[in-house]
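Spelled out, the chains give:
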Amino acid sequence: MFKIGIMKNIFLFFLFLGGCSCSVNAINPPSGVTEKQLSDDELMTLVQKQTFRYFWDFAHPESGLAHERSNGGAETATIGGSGFGVMAIIVGIERGFVTREQGAERMLKIVRFLSDKNTDSYHGMWAHWMNGKTGKTIPFSRKDDGADIVESAFMFEGLLAAHQYFTKDNPTENRIRGIINNLWRQAEWNFFTQGQDVMYWHWSPNNGWAMNHQIKGHNECHIVYILGASSPTYPIAESVYHKGWANANTFLNGREYYGIKLPLGNNHGKGGPLFFTHYSYMGLDPRGLKDRYADYEEQMKAHTLINRAYCIDNPKGYKGYGEKCWGLTASDGDKGYSAHSPGNDRGVITPTAALSSIPYAPEYSLEAMRYFYEELGDRLWGEYGFKDAFNLTENWFAPSYLAIDQGPIIVMIENYRTGLIWKLFMSHPDVQKGLRRLGFTSPYLNKVD
């Protein structure tokens, strides 16, 4: 239930300044063990600041959207990764990497581009990839050349958080909120059910429903159903969640792995790749979040700890795996892009897996962060933070950075530190109404509207 067809060809590296005279200063990479032992707070801030540069300095100069990858096409922007970038900009403002005025101007550039009449959209949704200069769709595959509601959901996850953040009464922030409201109200979530009790991933003006990809859980797509139920204009019925999302052989689990019970997720992959615990839950706060099927805080912690326990067990005997070096998720690899997991273990460790899981296992994530930074040093660390992945068995380190891997690092570290993006997204009145409609309980829902 995930896409793994990201471009594998290596092109020239393109560096753009993101339409603002401000550029975040790069931190010189360490050579082996650093001279100064950074505190946990210093290390987290350093990782956030360096990674933030991907979404600031390397943003597309005309649209402000995030490039799909650092070694990809010069014009290829990613909608889902840009949604993560929207959340990263909010973090960057709060951390003082850029000023509020600079962040607001960048945000206005992004939402203006998304709402422009020349930017392709389909029933209020966007494609997986688009040209960051023209706004025209770049096909993800031959028939995937239209709406992608999963990528669009990741963008709306960021936009709704931004709506709650940019609340000042000035022309720029008023305009940001107004455009986001319009985009949100134009998104036709119920269209993507085809009148059935399930949601469909793709629709194309050229190919219609030919992809025929139903979205069923448990995976990275939970946010699609939450937003669909939250829409003030085109909501899905409650039955779509219960008969569609929750009606899958990869949804309920209940088995134990390494003595840890996993409520949801597939059995073969011991829960699957760790991005299942990140993408939907960058805005959706799992702490105290429950429905009739699961306690989502328990789910996130269990999935993370099982993934780490598998790496410590290391049944395939890969070099480097252990207590400090763990984390399997979708990323580049020495044999190409793949959704790495215990069921698809190729010896590739991906930093975003452990680092973005910090709210669920902070001690273990910080241990991994320190190992990546201090011991792997400049083999792994570069101008946009930690490179995408590595395989110590093959002595391979990725030359690349990917938006969908860099974004969760910044945002989830911040959610661990302050809960910033969680608080913003969960405070949106429409989100709260949607969660109630689907029968969720959460500390955010205790207040009367």
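Residue numbers run consecutively from 1 along every chain, following the written order of its sequence. For a predicted model such as this one, the threshold for reporting local features is a pLDDT of at least 70, and the threshold for listing and counting side-chain atom pairs is 80 or more; totals across whole chains, interfaces and linings nevertheless cover every residue. Think of the side-chain values as coming from all heavy atoms in the structure, minus any hydrogens and water.

(A) A look at the state of the cysteines. Throughout, a disulfide means two cysteine sulfur atoms within 2.5 Å of one another. For the coordinates displayed, the defined rule picks out zero disulfides. Here cysteine 311 stays unpaired: no disulfide links it, and the sulfur of cysteine 325, its closest cysteine neighbor, is 7.7 Å away. Partly exposed describes any residue whose relative accessible area lies between the buried limit of under 20% and the exposed limit of over 50%, with all areas from a 1.4 Å probe on protein chains only and scaled to the type maximum. Residue classification places cysteine 325 among the buried positions, given a relative accessible area of 2%.

(B) Geometry of the environment of glutamate 101. What counts as a helix is a DSSP run of H or I of at least four residues, what counts as a strand is a run of E of at least two, and both are numbered from the N terminus. Assignment of secondary structure puts glutamate 101 in helix H3 (residues 100-115). Overall, glutamate 101 belongs to the exposed group, its relative accessible area being 56%. On a C-alpha basis, the gap between glutamate 101 and threonine 172 in space is 8.7 Å, while along the polypeptide they are 71 residues apart.

(C) Summary view of the nonpolar core. The set of buried Ala, Val, Leu, Ile, Met, Phe, Trp, Tyr and Cys residues whose side-chain atoms join them within 4.5 Å is what this entry labels a nonpolar core. Core analysis: the largest hydrophobic core is formed by 107 residues, its most contacted members being Phe156, Trp189, Ile215, Val224 and Tyr296. Residues in contact with valine 224, not counting those within four places in the same chain, are Ile149, Val150, Ala153, Trp189, Met199 and Ile215. Counting 33 residues, the second largest nonpolar core, distinct from the first, contains Met44, Leu328, Ile349 and Leu392. We call two residues contacting when some pair of their heavy atoms lies within 4.5 Å.

(D) Molecular detail of unusual backbone geometry. The omega torsion across glycine 217 and histidine 218 is -5°, close enough to zero to call that bond cis. Of note, tyrosine 258 is a non-glycine position whose phi angle comes to about 55°, a positive value. Along the polypeptide, tyrosine 258 turns up in the loop between strand S8 (256-257) and strand S9 (260-261). Exposure remark for tyrosine 258: the relative accessible area of 36% places this residue in the partly exposed category. Of note in the backbone geometry, lysine 270 takes a positive phi value of approximately 50° without being a glycine. Among the structural elements, lysine 270 can be located in the loop between S9 and helix H8 (296-313). The partly exposed category is assigned to lysine 270, whose relative accessible area is 22%.

(E) Up close: the sheet that holds strand S1 (residues 76-78). At least two DSSP bridges between two strands are needed for those strands to be called paired. One open sheet accounts for three strands, arranged S1-S2-S3; its pairing is antiparallel. The strands lining the two open edges of the sheet, one partner per strand, are S1 and strand S3 (137-138). Relative to strand S2 (residues 129-131), S1 runs antiparallel, the two being bridged by three bridges. Residue threonine 78 lies in a different strand from S2, and its bridge partner there is tryptophan 129. Where helix H2 (residues 79-94) meets the sheet, it contacts S1 and S2, and its direction lies at approximately 60° from that of S1. With axes taken as lines fitted to C-alpha atoms, and helix axes fitted only over the stretch in contact, angles between N-to-C directions fall between 0 and 180 degrees.

(F) Region of interest: helix H1 (residues 40-56). Helix length check: H1 (17 residues) gives 24 Å between terminal C-alpha atoms against 24 Å at 1.5 Å per residue, within 8%. Here H1 lies mainly inside the structure; twelve of its 17 residues are buried. What H1 keeps buried is the set Leu43, Met44, Leu46, Val47, Gln48, Gln50, Thr51, Phe52, Arg53, Tyr54, Phe55 and Trp56. Contact partners of the buried residues in H1: H2, H3, helix H10 (362-375), strand S12 (381-382), strand S13 (385-386) and helix H11 (403-417). How far a helix is expected to stretch is found by multiplying one less than its residue total by 1.5 Å.

(G) Inspection of the confidence of the model for the chain at higher detail. The pLDDT value expresses, per residue, how confident the predictor is, ranging between 0 and 100. Of the residues in the chain, 92% reach a pLDDT of 70 or more, and the chain-wide mean stands at 93. Here residues 1-21 scores under 50 on pLDDT; set against residues more than four positions off or in separate chains, the count is 72 contacts. Low confidence marks residues 31-35, where pLDDT is under 50. Its contacts with residues over four positions away, or in another chain, come to seven contacts.

(H) Examining the side chain of glutamate 157 more closely. Mapped onto the secondary structure, glutamate 157 falls in helix H4 (residues 149-165). Although buried, glutamate 157 forms no salt bridge, and the nearest oppositely charged side chain, arginine 287, lies 13 Å from it. Reaching out from glutamate 157, the side chain makes a polar contact with the backbone nitrogen of glycine 283 at a distance of 2.8 Å. With near-sequence residues (within four places) excluded, glutamate 157 lies in contact with Met87, Ile223, Leu227, Tyr279, Ser280, Tyr281, Met282, Gly283, Leu284 and Phe425. Under this rule, positive means Lys or Arg and negative means Asp or Glu; His and the chain ends count for nothing. Take a side-chain nitrogen of Lys or Arg and a carboxyl oxygen of Asp or Glu: if they are within 4 Å of each other, that pair is a salt bridge. Any pair of nitrogen or oxygen atoms within 3.5 Å is treated as a polar contact; in protein, a donor-acceptor pairing is required on top of that, and neighbouring residues in sequence qualify only through side-chain atoms on both sides.

(I) Spotlight on the side chain of aspartate 345. Relative to the assigned elements, aspartate 345 resides in the loop between strand S11 (338-339) and helix H9 (351-355). Buried aspartate 345, no salt bridge; nearest opposite-charge side chain is lysine 316, N-O distance 5.4 Å. Every residue in contact with aspartate 345, bar those within four places of it in the chain, is listed here: Tyr310, Lys316, Tyr318, Tyr321 and Leu328.

(J) Quick peek at the packing of aromatic side chains. Side-chain rings of Phe, Tyr and Trp (the six-membered ring for Trp) are treated as a pair once their centres are within 6.5 Å; stacked means planes under 30 degrees apart, edge-to-face means over 60, and tilted covers the remaining angles. The final tally for this structure, using the stated rule, is 37 aromatic pairs. Judged by centre distance (5.7 Å) and plane angle (50°), the ring pair of phenylalanine 52 and phenylalanine 97 falls under tilted. Of this pair, phenylalanine 52 sits in helix H1 while phenylalanine 97 is found in the loop between H2 and H3, placing the two residues 45 residues apart along the sequence. Ring geometry for tryptophan 129 versus phenylalanine 140: centroids 4.7 Å apart, planes at 55°, classification tilted. Here tryptophan 129, found in strand S2, pairs with phenylalanine 140, found in the loop between S3 and strand S4 (147-148); they are eleven residues apart in sequence, far enough to count as distant.

(K) Highlighting the pattern of salt bridges. Under the defined criterion, the tally for this structure stands at 16 salt bridges. When the shortest N-O distance is used, the salt bridge between aspartate 285 and arginine 287 registers 2.8 Å. Residue lysine 290 is joined to aspartate 295 by a salt bridge in which the shortest nitrogen-to-oxygen separation is 4.0 Å. Take lysine 290: its relative accessible area is 39%, and that puts it in the partly exposed class. Looking at aspartate 295, the relative accessible area reads 21%, which means it is partly exposed. Within the structure, one salt-bridge network assembled from shared partners comprises Asp40, Arg370 and Glu374.

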